[in-house]
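Observations on the three-dimensional arrangement
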Amino acid sequence: MNAYCLATYRSFDEKADFHKKATSIAVGLTVGSWTELPEAQKAQMEKHLGKVISVEVHEPAHGEPTSNRYADITIAYPDINFSRDIPALLVTVFGKLSMDGKIKLIDLSFSSDFLSGFSGPKFGIQGVRELLGVHDRPLLMSIFKSVVGYELPALREQFYLQAAGGVDLIKDDEILFENPLTPLEKRIEICLEAAAQATKETGQKLLYAVNLTGPTSKLASQAKKAIGAGANALLFNVLAYGFDTLHELSTDPEITIPIMAHPAMAGATYPSPHYGISASVLLGKLMRLAGADLVLFPSPYGSVVMPREENMAIKHALLTDDLRKDYIYNAPADVQLKLAASFPVPSAGIHPGLVPLILRDFGKDVIVNAGGGIHGHPLGTIAGGQAFRQAIDATMQGITLQDYARTHPELQSAIDTWGTPE
Ligand SMILES: CSCCC(=O)C(=O)COP(=O)(O)O
């Protein structure tokens with residue numbers, strides 16, 4: 001029996017025959033032409049031919065502009081046409097098609113055979129929690145800010161202040177590349193020293209995600225150099241390199257620490273309703289498949305806003321256990337595939353007042369992540385971390401931030417500065 005991967009597209013056109021369009025995609029992206037083929041060749045090509053699974057046309061309601069006319073088209077692509085890797089799949093389902101008018105790739109699902117080529121996150125939520133020894137609450141991450149041009153002592157000081165505030169993870173800024181002032185191994189050395197100092201005082205373990213950068217051909221050796229220097233997590237700008245690079249890193253047996261995926265460049269791909277790839281595919285399914293243990297993405301509440309519905313779709317893609325329903329097309333009854341869940345990290349412009357919203361939408365398995373919301377605290381960076389931890393504690397106990405802040409001055413000061421949503 002043939003195995004297929006499915007792609008669903010939203011195609012906008014004021015007057016197109018969407019059924020014809022679906023057929024032209026199914027044929028054009030597989031065997032190229034069909035009706036012109038002699039019968040003998042048709043029999044031979046049948047197993048390579050894409051199939052139209054469904055076409056759902058949405059006619060604009062009365063009074064709505066005709067430009068709102070679209071169809072959701074689902075096509076099945078035979079696995080036999082492409083190798084078992086993300087670049088081959090993406091080029092098949094959305095290579096040339098991505099440039100062919102108003103069309104967006106909104107979902108992907110995989111054959112069980114294709115999916116079985118991916119082991120997903122090495123650590124995932126469970127593994128990251130085990131490294132930190134924290135199982136009963138959302139985690140808190142802080143982002144280095146204003147570090148370009150700084151020397152090691154300034155970096156160490158900034159690391160210590162973040163750690164002393166009680167954060168669980170600290171990540172490099174994604175724009176901190178290999179540089180002569182704070183080279184990778186030195187950076188790791190001084191940050192881990194500062195982490196040890198803070199841990200003595202707080203009793204808390206810490207992960208430091210160092211930014212893995214440089215030419216693609218040197219990334220794996222750079223990652224191993226980082227691990228040799230004691231690194232316990234990596235930050236990686238996945239979309240600048242491609243999903244396959246993440247997959248190579250995450251499946252390397254010598255890369256034994258969690259990988260955090262930064263969404264830099266994602267805004268060039270997901271936000272348009274008419275073009276690109278949906279956020280849930282780009283920052284959800286493909287990140288998890290390629291092995292990201294933690295995935296950052298803009299939240300619906302902060303400074304770089306993504307609609308809540310899209311955020312919830314990313315969350316679902318990163319967390320769902322039901323691969324048969326959400327990831328696999330036509331799963332045979334005896335197939336049991338598993339992927340560890342990737343930690344969702346809704347980010348950008350996050351401050352303590354937003355914690356109740358984050359926990360309402362994401363529950364306990366989320367990483368609250370802030371840069372400016374920690375460093376910009378009026379009482380300083382340590383108080384910034386403390387205010388977030390207090391907001392998490394309050395919300396976990398069902399206490400309003402306002403009530404909790406009465407006995408927690410750091411939280412009170414954060415609320416006075418940034419407020420709480422209505
Ligand atoms: C757009 S998601 C990535 C968030 C990020 O990397 C960042 O630096 C956010 O910083 P902020 O000061 O807005 O918390």
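Note that the structure is predicted; figures quoted are calculated from it, not measured. Residue numbering note: each chain is counted from 1, following its sequence as written. Predicted model: local features are reported for residues with pLDDT of at least 70 only, side-chain atom pairs are reported and counted for 80 or more only, and whole-chain, interface and lining totals are derived from all residues. Excluding hydrogens and water, the side-chain values take into account all heavy atoms of the structure.

1. With respect to the UniProt feature "domain: Ribulose bisphosphate carboxylase large subunit C-terminal" (unreviewed entry) in the protein chain
To be explicit about the condition: UniProt positions are given in the numbering used here, feature names are shortened, and annotations may be inferred rather than shown by experiment. Runs of H or I in DSSP of at least four residues are treated as helices and runs of E of at least two as strands, each being numbered from the N terminus.
Per the UniProt record, "domain: Ribulose bisphosphate carboxylase large subunit C-terminal" (unreviewed entry) is found at residues 124–418. Here residues 124–418 runs as 45% helix and 13% strand, with 32 Å between its end C-alpha atoms.

2. Describing the site of the ligand
Formally: We call a residue near a molecule or strand whenever a single non-hydrogen atom of that residue lies within 4 Å of it. In protein, a polar contact means a hydrogen-donor-capable atom and an acceptor-capable atom, both N or O and within 3.5 Å, with residues adjacent in sequence counting only if both atoms are side-chain atoms; elsewhere, any N or O pair within 3.5 Å suffices. Using the Shrake-Rupley algorithm and a 1.4 Å probe, accessible areas are obtained, with residue cover drawn only from the displayed protein chains. Only Asp, Glu, Lys and Arg are considered charged, only Ala, Val, Leu, Ile, Met, Phe, Trp, Tyr, Cys and Pro nonpolar, and every remaining residue, Gly among them, polar.
Residues in close proximity to the ligand total 14 residues, the closest being K145, H262, G349, G371 and G372. The side chain of K145 places a nitrogen or oxygen atom 2.7 Å from an oxygen atom of the ligand. One of the backbone N or O atoms of G371 is found 2.8 Å from an oxygen atom in the ligand. Coverage of the ligand by the protein amounts to 84% of the 410 Å² it exposes when considered alone. A class-by-class count of the residues in the shell around the ligand yields six nonpolar, five polar and three charged.

3. A closer look at empty space enclosed by the protein
The cut-off we apply is this: Using protein atoms alone on a 1 Å grid, points that fit a 1.4 Å probe yet trap it form a cavity, whereas open point sets bounded by protein on both sides within 12 Å along at least five of seven lines form a pocket; residues with an atom within 4 Å of a point count as lining. Grid points are joined across faces, edges and corners, and a volume is the space filled by probe spheres set on the points.
Throughout the structure, instances matching the rule amount to one cavity of 30 Å³ or more. Estimated volume of the largest cavity: approximately 30 Å³. Around the largest cavity sit K122, L249, S250, I255, I257, I259, G291 and D293, which together line it. Class assignment of the residues belonging to the lining of the largest cavity gives a composition of four nonpolar, two polar and two charged.

4. Side note on helix α1 (residues 18–28)
Rules: Accessibility here uses a 1.4 Å probe with only protein chains present; expressed as a share of the type maximum, an area under 20% marks a residue as buried, one over 50% as exposed, and anything in between as partly exposed. Whether two residues are in contact is decided by their heavy atoms, any of which lying within 4.5 Å being enough.
Residues of α1 that are buried: F18, K21, A22, I25, A26 and V27. Buried positions along α1 lie against β1 (4–12), β2 (51–58), β3 (70–78) and β4 (103–109). You can read the cap of α1 off the contacts: a side-chain oxygen lies 3.0 Å from the backbone nitrogen of H19, and it is on D17.

5. Structural notes on the sheet that holds strand β8 (residues 233–237)
Stated precisely, the cut-off is as follows: Only when DSSP finds a minimum of two bridges between them are two strands counted as paired. For helices, the fitted line uses only the C-alpha atoms of the stretch in contact; every axis is such a line through C-alpha atoms, and the angle between N-to-C directions lies from 0 to 180 degrees.
Spatially, eight strands are ordered β12-β11-β9-β8-β7-β6-β5-β13 in an open sheet, and the strand pairing comes out parallel. The two strands at the open ends of the sheet, each matched to only one other strand, are β12 (343–347) and β13 (367–370). For this sheet, the mean inter-axis angle between neighbouring strands, taken without regard to orientation, is 25°. Bridge count between strand β9 (residues 259–262) and strand β11 (residues 294–298): two bridges; the pairing is parallel. Across the sheet, A261 pairs through a bridge with V295, a residue of β11. In the packing of helix α5 (residues 124–132) onto the sheet, contacts are made with β5 (139–143), β6 (169–171), β7 (207–211), β11 and β12, and the angle to β12 comes to roughly 85°.

6. Notes on the nonpolar core
Selection criterion: Among buried residues, the Ala, Val, Leu, Ile, Met, Phe, Trp, Tyr and Cys ones that are joined through side-chain atoms within 4.5 Å form a nonpolar core. These domain limits were set by an automatic method or by a database of domain assignments.
Counting residues in hydrophobic clusters, the biggest one holds 108 residues, and the most contacted among them are Y9, L108 and F159. Looking at this core element by element, the count peaks at eight residues for helix α11 (residues 279–290). In terms of domain composition, this core takes at least three residues from each of domain 1 (4–109) and domain 2 (124–418). Setting aside chain neighbours within four positions, we find F159 in contact with F144, I170, C191, A194, A195, L206 and Y208. By size, the runner-up hydrophobic cluster in this structure holds 19 residues, among which are I125, L294, L296 and A341.

7. Observations regarding the packing of helix α6 (residues 152–164) against helix α7 (residues 184–202)
To keep it simple, the criterion reads: Two helices that cross are described as forming a left-handed crossing if the nearer one is turned anticlockwise from the farther one by less than a right angle, and a right-handed crossing if clockwise.
The contact between α6 and α7 brings their axes to 9 Å, and the two run at 30°. Crossing angle aside, the handedness with which α6 passes α7 is right-handed. Here L152, L155, R156, F159, Y160, A163 and A164 of α6 come into contact with α7, specifically with K186, R187, I190, C191, E193, A194, A195, Q197, A198, E201 and T202. Of the residues contributing to the contact of α6 with α7, the split by class is 11 nonpolar, two polar and five charged.

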